[in-house]
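# Summary of structural features
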Amino acid sequence: MRVSIVIPTYNNASSIGRSVRSAFAQSHKDIEVICVNDGSTDDTSKELSKLQNEYALLKVIQHENKGGGAARNAGLSAANGDYIQFLDADDELLPDKITSDLDQFGVDRPAVVFGAMQMVNDHGDVLETRNPDLSEGVWVGMMRTKLGQTSAMLWHKETAVKAGGWDETLTSSQEYDLLLRVLVLNPHWVVQPEPMVKVEEREDSVSRNAAKQAKNWLNYATLRKRILDTAMQVWPEGETALYSSLFDAVRTWSMHDRKAAVHFFRQHFPKGYRPVVS
């Protein structure tokens, strides 16, 4: 089974080589590796040229700077694999990442594989291991952002395309937005419990930009309400758990912007709603 590894990159000259080499080092050999250079202004283009000399099969797409979602969509369109491994350009796959994901397949092909990951600093030191948490089901896991990050997942290409690909207008919560649309089309998923990807703990520059922070919180809460509405159609008995998850998100939001969070609460929660205290 062919797997396409898609690496969007913007000004990642110092780390793109590590990511690309980890892709070509996979024990599963039926792969293609596609880098989408999203209008980088540093030496990323030079590094990609060097990597193409090192790996003749590396495909590079030069792309106008439109953001990560657009770059991933360009890679998705160019990919020939049955499954897609999106890999951020400062993250690194361990050699058995793809093999371990495919080993979880049963009779039915899943829409997505949720994988564990090692969080590392910029020196590569492991800070912690994070595992997908589906103890309360996939919908609550999605509501609480407990299913992992982009580089830890494996996506069924056909389903991702049918779902419309990545929403290029979003600046946050992109993978969970796509995940919702994918699981509506195909609710079959599996878990790969061993950490097979190193994800760099990134500095949160958004927290220093009030306008971006406000937009990201609104995106986050709005998407969780969409997840709740979708989940309620197939899991009405989960109403309490779903609203509790949404309330926790809005409560955290209120610590940053109380006025916006209260407005959202009044718009989207049932009249008279009271959170369940455990």
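To be clear, the structure that these remarks concern was listed above.
Being a predicted model, the structure only gives us computed values, none of them experimental.

The seven strands are arranged 3-2-1-4-9-6-10 in an open sheet whose pairing can be described as mixed. Whereas interior strands pair on both sides, the edge strands pair on one side only; in this sheet they are strand 3 (59-63) and strand 10 (189-192). Put simply, the sheet's adjacent strands are angled 25 degrees from each other on average, direction ignored. Across four bridges, strand 6 (residues 112-115) lies against strand 10 in parallel orientation. By the bridge assignment for strand 10, phenylalanine 114 is matched with valine 191. With respect to the sheet, helix 2 (residues 44-54) is in contact with strand 1 (3-9), strand 2 (31-38) and strand 3, its orientation differing from that of strand 2 by roughly 160 degrees.

Inspection of the entire model under this criterion finds 16 aromatic pairs. Pairing phenylalanine 269 with tyrosine 273 gives two aromatic rings, centres 5.1 Å apart and planes at 50 degrees, and the pair type is tilted. Chaining the aromatic ring pairs together yields one cluster made of Tyr243, Phe247, Phe265, Phe269 and Tyr273. Sitting over the ring of tyrosine 176, arginine 224 keeps its end group 5.4 Å from the ring centre. Positioned above the aromatic ring of tyrosine 220 is the side chain of arginine 224, whose terminal nitrogen or guanidinium carbon lies 3.8 Å from the ring centre.

This part takes up the side chain of aspartate 101. Turning to its location among the elements, aspartate 101 is positioned in helix 4 (residues 97-102). In terms of polar contacts, aspartate 101 uses its side chain to reach the side chain of lysine 97, at 2.5 Å. Excluding its chain neighbours within four sequence positions, the residues that come into contact with aspartate 101 are Gln85, Val113, Leu154 and Gln192.

Another point: the sheet that holds strand 5 (residues 92-93). Spatially, 5-11-7-8 is the arrangement adopted by the four strands of the open sheet, whose pairing is mixed. In this open sheet, the two edge strands, each paired with only one partner strand, are strand 5 and strand 8 (126-130). Of the strand pairs in this sheet, strand 5 and strand 11 (residues 197-200) are connected by two bridges, and their pairing is antiparallel. Within the sheet, the bridge partner assigned to glutamate 92 lies in strand 11 and is lysine 198.

Take the environment of lysine 225 next. Here lysine 225 is to be found in helix 8 (residues 210-234). Exposure remark for lysine 225: the relative accessible area of 14% places this residue in the buried category. Residue contacts for lysine 225: discarding those within four places in its chain leaves Tyr243, Leu246, Phe264 and His268.

On to unusual backbone geometry, then. You will see that threonine 145, though not glycine, has its phi angle at about 55 degrees, which is positive. Tracing the chain through its elements places threonine 145 in the loop between helix 5 (138-143) and strand 9 (154-156). The phi angle at serine 173 is positive, at roughly 60 degrees, despite the residue not being glycine. Summarising the element assignment, serine 173 is placed in the loop between helix 6 (157-162) and helix 7 (174-185). Of the residues examined, serine 173 reaches a relative accessible area of 14% and is grouped as buried.

Thresholds, definitions, all that
- Residues numbered from 1 in each chain as written.
- Predicted model: local features only at pLDDT ≥ 70, side-chain atom pairs only at ≥ 80, totals over all residues.
- Heavy atoms only, no water.
- Pairing = 2+ DSSP bridges.
- Helix = DSSP H or I, 4+ residues; strand = E, 2+ residues; numbered from the N terminus.
- Axes fitted to C-alpha atoms, helices over the stretch in contact; angles between N-to-C directions.
- Contact = heavy atoms within 4.5 Å.
- Phe/Tyr/Trp six-rings, centres within 6.5 Å; stacked < 30°, edge-to-face > 60°.
- Lys NZ or Arg CZ within 6 Å of the ring centre and 35° of its normal.
- Polar contact = N/O pair within 3.5 Å; in protein donor to acceptor, adjacent residues only side chain to side chain.
- Buried < 20%, exposed > 50% of the residue type's maximum accessible area, 1.4 Å probe, protein only.

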